[in-house]
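Report on the structure
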Amino acid sequence: MASIIAGVGLLVMSALAAFGKVVVLDGLVTPGDGGATARDITASDGRFRLSILSLFLVIALDVVVAWALYRVFSPVSRSISLLAAWMRIVFAAVFLAAVGHLTGALRLLTGEEYRSVFGTDQLQAQALLQINTFTDVWGAGLFLFGLHLLLLGYLAYRSGSVPKLLGVLLAIAGLGYVVDSFAAVLYGESWTDVSNFTFLGEFLLALWLVIFGRRLLVDRPRRREGSRSLDSHDVTGPGARSMTERLS
């Protein structure tokens, strides 16, 4: 059940994040132009609110998926699975703080109380600054998300159930986010995000969990049964029989 929850959660998150960030937010924000950005957001404030709502839902699903992935991979390594889960949860907290700046930008552009205090140019500049801060905080948080995927890739590779290639792709995706976080600081806007090309691993994991995740639920009881049979074999083996004979 946990594998299905994780897979479906990842797929729903992908759709919500694509709508909220790529379709709506990137479509309304004009980099470096506070006036154009403010006009587009105020003209489509309903879409902007839906964008924020979708990102809040992504954050909630992040916590659910962190729990589900922990349940899926804890048989491989309980401690590493727990560490990976906490990294995703901390990333969700950072993402929540980032989305708060989007609500601040919306308040600046639609709140009547600010217009009586600040000029139009000041409001537009501050709103754009809030949106840029969202991007910066979210980008910094992706460093933690990248570490989460690196650990997840290791767990998938060692699981014996998930294809090893999928574990490698997850690790590559995580490394892409880590590289982007550092490069954003070193090179700024001139950097082209590597994660745009390495994100495939998590999407494929989601599909695998939905389609083949039940294998994890089938394999575990078999392993336990196998270990029990080995234990019973040890008890009734030649050594145990000889000891019984001596005692008798």
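Placed above this text is the structure.
Below is a short write-up of the structure. Throughout, a residue's number is its position along its own chain's written sequence, starting from 1. Where local features are concerned, this predicted model is filtered to residues with pLDDT of at least 70; where side-chain atom pairs are given and counted, the filter is 80 or more; whole-chain, interface and lining totals use all residues. With hydrogens and water excluded, all non-hydrogen atoms of the structure serve as input to the side-chain values.

Quick notes on the overall build of the protein
The helix and strand tally for the protein stands at eleven helices and zero strands. Numbering of helices and strands runs from the N terminus; a helix is a DSSP stretch of H or I covering at least four residues, while a strand is a stretch of E covering at least two. Sequence-ordered secondary structure for the protein, helices as α and strands as β, is α-α-α-α-α-α-α-α-α-α-α. Classification of the 248 residues of the protein by burial places 39% in the buried group. Categorising residues by exposure relies on relative accessible area from a 1.4 Å probe, with only protein chains included: less than 20% of the type maximum marks a residue as buried, more than 50% marks it as exposed, and the intermediate range marks it as partly exposed.

Describing the packing of aromatic side chains
Geometry of aromatic contacts follows a simple scheme: Phe, Tyr and Trp rings, the Trp one being its six-membered ring, pair when their centres are within 6.5 Å, and the pair is stacked under 30 degrees between planes, edge-to-face over 60, tilted otherwise. If you walk through the whole model with that rule in mind, you get eight aromatic pairs. Relative to F95, the ring of F91 has its centre 5.8 Å away and its plane inclined at 20°; by these criteria the two rings are stacked. Pair noted here: F91 and F95 are both in helix α4 (residues 78–110), with a separation of four residues, about one helical turn. Just as F91 is buried, F95 falls in that class too. Between F91 and F145, the aromatic rings sit 5.1 Å apart at their centres with planes inclined by 40°, giving tilted as the arrangement. In this pair, F91 is assigned in helix α4 and F145 in helix α6 (residues 120–159), connecting sequence segments 54 residues apart. Overall, F91 belongs to the buried group, its relative accessible area being 4%. Residue classification places F145 among the buried residues on the basis of a relative accessible area of 6%.

Points about the packing of α4 against α6
Axis angle and axis distance: for two packed helices, these are the angle between their axes and the distance between the axes, and together they describe the pair. Lines fitted to C-alpha atoms define the axes, with helix axes restricted to the stretch in contact, and inter-axis angles between N-to-C directions lie between 0 and 180 degrees. Put simply, α4 and α6 touch, their axes get as near as 8 Å, and they point 170° apart. In terms of axis orientation, α4 runs roughly antiparallel to α6. Throughout, the ten residues Ala, Val, Leu, Ile, Met, Phe, Trp, Tyr, Cys and Pro are labelled nonpolar, Asp, Glu, Lys and Arg are labelled charged, and all others, Gly among them, are labelled polar. The residue makeup of the contact of α4 with α6, split by class, is 27 nonpolar, eight polar and one charged. What sets the label is the angle itself: under 35 degrees gives roughly parallel, over 145 gives roughly antiparallel, 65 to 115 gives roughly perpendicular, and the rest give oblique.

Brief notes about the pattern of salt bridges
Here a salt bridge means any side-chain nitrogen of Lys or Arg lying within 4 Å of a carboxyl oxygen belonging to Asp or Glu. Summed over all chains, the structure comprises four salt bridges. The closest approach of N and O atoms between D62 and R88, which form a salt bridge, is 2.7 Å. Linking D62 in helix α3 (residues 45–73) with R88 in helix α4, this pair joins segments that are 26 residues apart in sequence. Each member of the pair, D62 as well as R88, carries the same accessibility label: buried. Through salt bridges with shared partners, a single ionic network connects D62, R88 and E202.

Observations concerning helix α9 (residues 200–212)
Each turn of an α-helix holds 3.6 residues, which means side chains three or four residues apart point in the same direction. The length a helix should cover is 1.5 Å for every residue beyond the first. Along its 13 residues, α9 runs 18 Å from first to last C-alpha, staying within 8% of the 18 Å computed at 1.5 Å per residue. Among the residues of α9, those classed as buried are G201, E202, L205, A206, W208 and L209. One face of α9 carries all of its buried residues, which in axial projection span an arc of 165°. Taken from the helix axis, the directions to the C-beta atoms give the arc we talk about.

Thoughts on the side chain of S51
Along the polypeptide, S51 turns up in helix α3. For S51, the side chain forms a polar contact with the main-chain oxygen of G20, separated by 2.6 Å. Should any heavy atoms of two residues lie within 4.5 Å, those residues are considered in contact. Excluding residues within four positions of it along the chain, S51 makes contact with F19, G20, V24 and L25. For the purposes of these results, a polar contact is taken to be a pair of N or O atoms within 3.5 Å, where, inside protein, one atom must be able to donate a hydrogen and its partner to accept one; residues adjacent in sequence count only when each atom of the pair is a side-chain atom.

Description of the packing of α6 against helix α7 (residues 164–187)
Between α6 and α7, whose axes approach to 7 Å, the crossing angle comes to 160°. As summarised for this structure, α6 and α7 are arranged roughly antiparallel, according to the angle between their axes. Seen from above, α6 lies across α7 with left-handed handedness. Here a crossing is called left-handed whenever its near helix is offset anticlockwise from the far helix by less than a right angle, and right-handed whenever the offset is clockwise.

Looking at a nonpolar patch on the surface
Residues V8, V12, L200, F203, L207, V210, I211 and F212 make up a contiguous nonpolar surface patch of about 610 Å² in total accessible area. Mapped onto the nonpolar patch, the elements with two or more residues apiece are α1 (2–28) and α9. Patches here are clusters of residues that have more than 30% relative accessible area and form no salt bridge, with a 9 Å joining cutoff for like charges and a 5 Å cutoff for nonpolar side chains (Val, Leu, Ile, Met, Phe, Trp, Tyr). With residues, only the protein chains shown are counted as cover, and all accessible areas are computed by Shrake-Rupley using a 1.4 Å probe.

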